[in-house]
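A structural walkthrough
Residue strings, one per chain:
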Amino acid sequence: SQQGEEDPQALSIQEGENATMNCSYKTSINNLQWYRQNSGRGLVHLILIRSNEREKHSGRLRVTLDTSKKSSSLLITASRAADTASYFCATGPNTDKLIFGTGTRLQVFP
Amino acid sequence: EPEVTQTPSHQVTQMGQEVILRCVPISNHLYFYWYRQILGQKVEFLVSFYNNEISEKSEIFDDQFSVERPDGSNFTLKIRSTKLEDSAMYFCASTRDRGGTGELFFGEGSRLTVL
């Protein structure tokens, strides 16, 4: 079964607006992570939220986790053109087999 | 800041040829991974490696693939007889912790083009 399906697939906003991306998953997890990928580059870890946490903040990032609905959201506040990238959620029982979602392509226009 | 390095950045090969992709994980990391991403598609797990053996592998990681840590620093992915569908970006990653506590640190990737 597929893990980590993000929506929307693509999102275009203006600088200063907030961007919200959602991730759904199917199996039980110990944690959920969000990664960012600039075009043609490697993935960069953004934030990890554990299964017993409901919300976590890191700078302009806010992540929520609802294990009853098997879903997570990533909110980027006051977006900047430099936030333009693809964002992936990743889940797994542990990091031995971390499964990435399909990703949301975020475009932030100056 | 320590980083995962991968070579080559781009390799073009003929179908049927053997390819070796190289990675130097972060020095105090113990767990190593290969992922691949076909252009425009999702990042797919290939294999995880710890203590000189494979921990997990996906259905993609068939007999054509192998991994090795030949010395204390390098971690390699070998594709014995490349196919057209092996064309993708291959990412190496490493982490110090597992068991749900560790983030993965990724290299910049090796783009493989099979003609």
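First, a word on what this report is: a plain description of the structure on this page. (Residues numbered from 1 in each chain as written. Chains lettered and ligands numbered in written order. Predicted model: local features only at pLDDT ≥ 70, side-chain atom pairs only at ≥ 80, totals over all residues. Heavy atoms only, no water.)

Examining the overall build of chain A
When helices and strands are counted, chain A shows zero helices and 11 strands. The burial tally for chain A puts 47% of its 110 residues in the buried class. Within chain A, contacts between residues at least 6 apart in sequence are counted, and of these 54% link residues at least 24 apart. Only carbon and sulfur atoms are counted for the fraction: they give 45% of the accessible area of chain A, which is about 5100 Å². If the 13 positive side-chain charges of chain A are averaged to one point and the 10 negative ones to another, these points end up 3 Å apart. (Helix = DSSP H or I, 4+ residues; strand = E, 2+ residues; numbered from the N terminus. Buried < 20%, exposed > 50% of the residue type's maximum accessible area, 1.4 Å probe, protein only. Contact = heavy atoms within 4.5 Å. Areas by Shrake-Rupley, 256 points an atom, 1.4 Å probe, with all protein chains shown as cover. Lys, Arg positive; Asp, Glu negative; His and termini not counted. Charge placed at Lys NZ, Arg CZ, Asp CG, Glu CD.)

Regarding the interface of chain B and chain A
With 25 residues of chain B in contact, the opposing surface of chain A contributes 25 residues. Summed over both sides, the interface between chain B and chain A buries roughly 2000 Å², with carbon and sulfur atoms accounting for 49% of that surface. On the surface where chain B and chain A come into contact, there are one salt bridge. Put simply, Glu108 of chain B and Arg41 of chain A hold a salt bridge, and the shortest N to O gap is 2.6 Å. Summed over the shared surface of chain B and chain A, the number is five residue pairs in polar contact (both at pLDDT 80 or more). Where the side of chain B that touches chain A is concerned, the elements lending two or more residues are β4 (31-37), β5 (43-50), β6 (53-57) and β9 (88-95) of chain B. Across the side of chain B that touches chain A, the residue classes break down as eight nonpolar, nine polar and eight charged. (Buried area = accessible area lost by both parts, 1.4 Å probe. Salt bridge = Lys/Arg side-chain N within 4 Å of Asp/Glu carboxyl O. Polar contact = N/O pair within 3.5 Å; in protein donor to acceptor, adjacent residues only side chain to side chain. Nonpolar A, V, L, I, M, F, W, Y, C, P; charged D, E, K, R; others polar.)

Quick word on the pattern of salt bridges
Residues and elements named next belong to chain A. In the structure shown here, the tally under the stated rule is four salt bridges over all chains. For Arg60, the salt bridge identified is with Asp83, shortest N-O distance 2.9 Å. Of the two residues, Arg60 sits in the loop between β6 (55-58) and β7 (61-66) while Asp83 sits in the loop between β8 (71-76) and β9 (85-92), which places them 23 residues apart along the sequence. Taking relative accessible area as the criterion, Arg60 reaches 23% and is therefore assigned partly exposed.

Topic: the environment of Asn28 of chain B
Residue and element names in this part refer to chain B. Considering the arrangement of structural elements, one finds Asn28 in the loop between β3 (19-24) and β4. Accessibility expressed as a relative area gives 42% for Asn28, which makes it partly exposed. Sequence spacing of Asn28 and Arg96 is 68 residues, and the spatial spacing of their C-alpha atoms is 6.7 Å.

Details of the state of the cysteines
All names here are of chain A. Scanning the entire structure with this criterion turns up two disulfides over all chains. Two residues, Cys23 and Cys89, share a disulfide whose sulfurs are 2.0 Å apart. One quick way to see it: the torsion about the S-S bond of Cys23 and Cys89 is about 65 degrees, and its sign makes the bridge right-handed. Here Cys89 lies in strand β9 and Cys23 lies in strand β3 (residues 19-24), a separation of 66 residues in the sequence. (Disulfide = S-S within 2.5 Å.)

Some remarks on the packing of aromatic side chains
Residue and element names in this part refer to chain B. A full pass over the atoms with the stated rule returns 12 aromatic pairs over all chains. Summarising the aromatic geometry, the rings of Tyr31 and Tyr50 are spaced 4.4 Å apart at their centres and angled 15 degrees between planes, so their arrangement reads as stacked. Taken together, the positions of Tyr31 in strand β4 and Tyr50 in strand β5 put the pair 19 residues apart, joining distant regions of the chain. Considering the side-chain rings of Tyr35 and Phe45, the 5.5 Å spacing of their centres and the 70 degrees angle between planes classify their relative orientation as edge-to-face. With Tyr35 in strand β4 and Phe45 in strand β5, this pair connects stretches of sequence that are 10 residues apart. Residue Tyr35 is classed as buried on the basis of its relative accessible area, which comes to 0%. Under the relative-accessibility criterion, Phe45 is labelled buried at 5%. (Phe/Tyr/Trp six-rings, centres within 6.5 Å; stacked < 30°, edge-to-face > 60°.)

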